[in-house]
Structure formats: structure tokens, C-alpha cells
Amino acid sequence: MGQTVRVRHSHLSGGRLQDVIDGDPYSLARGERANPIIYEFIFSQPVTASELVLTTGSMRDFDIVIRIYAVGEEVPVEYNNKFLDLGDDPTVVIPFENGPAQFDRVWISIKDNNQGEVAQVHVREIAFR
């Protein structure tokens, strides 16, 4: 997006952070032991985006929680999404309905409901459009 972005995330045991933002759905990062795996993006400049596009590794039952923080706000707009029985390595699009026009922080949680608290959740791609 042409700006500096600070990203905090769960510890990874495979791949790198760059693998989830490189535009290549065949690369991936694997969480070491975190279920859910967490990514938090802190943008240096306000972002205008209307949806999140996320490609994960294959999971049959998973939840995604997204918290979007409008510029200067501490209370986020939250989106909770449940996905069942999608194909291998699914790509999901989550619209930011009624979200802020611009934001500077996004927190994302991806939980595999078929595993316990200790799991290796695979994330292939995260993109804001």
C-alpha cells in the first residue's frame, strides 16, 4: 500500500511474515502453537479499504474475528465470521460493512475450530482492498 506498516503477530514456526503479504497464495506462514493465530497491522498513514481478502491453509471449520480501528479511535468495529466446509486453501472475502471510512489499525484472529489451543494455523495471504 506504499507505506510503512508495523505488524505484530503470533510466533511463526514456518514461513515469514512477508509470505502472507506477498500477493502469492502459494507461499504461507505457519503459526507455531497459537490457535487462534493473531495478526495486527498498524499503518503509518490512514487506509481506505472496504474488505479483507484472506487465504488460509485447509481448515474445515474456522472463525475469523477482525477489529478495525478508525483513525484516532480506541473502540473498534468488530466483524465475526464463521466458515464451514470450504475447499482446500480457501480464499474468503470479508466486507467491512458499516466500517470506518479510514482506519490505521486492524487486528485479525484466525481460529481452527477442529484443533485445540495448541495448533499450527496456516495463513497464505492477507490483503486489504
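The preceding data block contains the structure.
By convention here, each chain's residues receive numbers from 1 onward along its written sequence. The predicted nature of this model means local features are confined to residues of pLDDT at least 70 and side-chain atom pairs, given and counted, to a pLDDT of 80 or more, with totals for whole chains, interfaces and linings taken over all residues. Hydrogens and water are ignored here; the side-chain numbers use all heavy atoms of the structure.

Asks: Sorry if this is basic, but what is going on with the side chain of Asp19 here?
Replies: Helix and strand labels come from DSSP, where a helix needs a run of H or I of at least four residues and a strand needs a run of E of at least two; each type is numbered from the N terminus. Along the chain, the position of Asp19 falls in the loop between β2 (12–14) and β3 (29–31). On the basis of relative accessible area, Asp19 is assigned to the buried category, the value being 12%. Of note is the side chain of Asp19, whose polar atom sits 2.8 Å from the backbone nitrogen of Arg16. With residues up to four places along the chain from it excluded, the contact list for Asp19 reads Asp24, Ser27, Leu28, Ala29, Arg124 and Glu125. Only protein chains enter the accessibility calculation, which uses a 1.4 Å probe; a residue whose area is less than 20% of its type maximum is buried, one above 50% is exposed, and one in between is partly exposed. Here a polar contact means two N or O atoms within 3.5 Å. Within protein one must be a hydrogen donor candidate and the other an acceptor candidate, and residues neighboring in sequence count only if both atoms are side-chain atoms. Here, residues are in contact when the closest pair of their heavy atoms is within 4.5 Å.

Asks: Hey, could you run me through the pairing of strand β9 (residues 103–112) in this one?
Replies: Along a regular strand, successive side chains alternate from one face of the sheet to the other. In terms of residue burial, β9 counts as a mostly covered element, since 8 of its 10 residues are buried. Relative to β9, strand β4 (residues 37–47) runs antiparallel, the two being bridged by 7 bridges. Considered in β9, the bridge of Ile42 is made with Arg105. Whether two strands pair comes down to DSSP finding at least two bridges between them.

Asks: What am I meant to see in the layout of surface pockets here?
Replies: One simple way to see leftover space: roll a probe sized like a water molecule over the atoms. Here a cavity is any set of points on a 1 Å grid over the protein atoms alone where a 1.4 Å probe fits but cannot get out, and a pocket is any open set with protein on both sides within 12 Å along at least 5 of 7 lines; a residue lines the site when it has an atom within 4 Å of a point. Grid points are joined across faces, edges and corners, and a volume is the space filled by probe spheres set on the points. Here the largest pocket defines a volume of roughly 230 Å³. Forming the boundary of the largest pocket are Met1, Gly2, Gln3, Val5, Val7, Leu17, Ile21, Phe41, Phe43, Ile126, Ala127 and Phe128. Secondary-structure elements contributing two or more residues to the lining of the largest pocket are β1 (5–9), β4 and β10 (122–128). Counting residues per element, the lining of the largest pocket draws most heavily on β10, which supplies 3 residues. Three categories are distinguished: nonpolar for Ala, Val, Leu, Ile, Met, Phe, Trp, Tyr, Cys and Pro, charged for Asp, Glu, Lys and Arg, and polar for the others, with Gly belonging to the last. A per-class count over the lining of the largest pocket returns 10 nonpolar, 2 polar and no charged.

Spatial relationships are all this shows, so hold off on functional conclusions.
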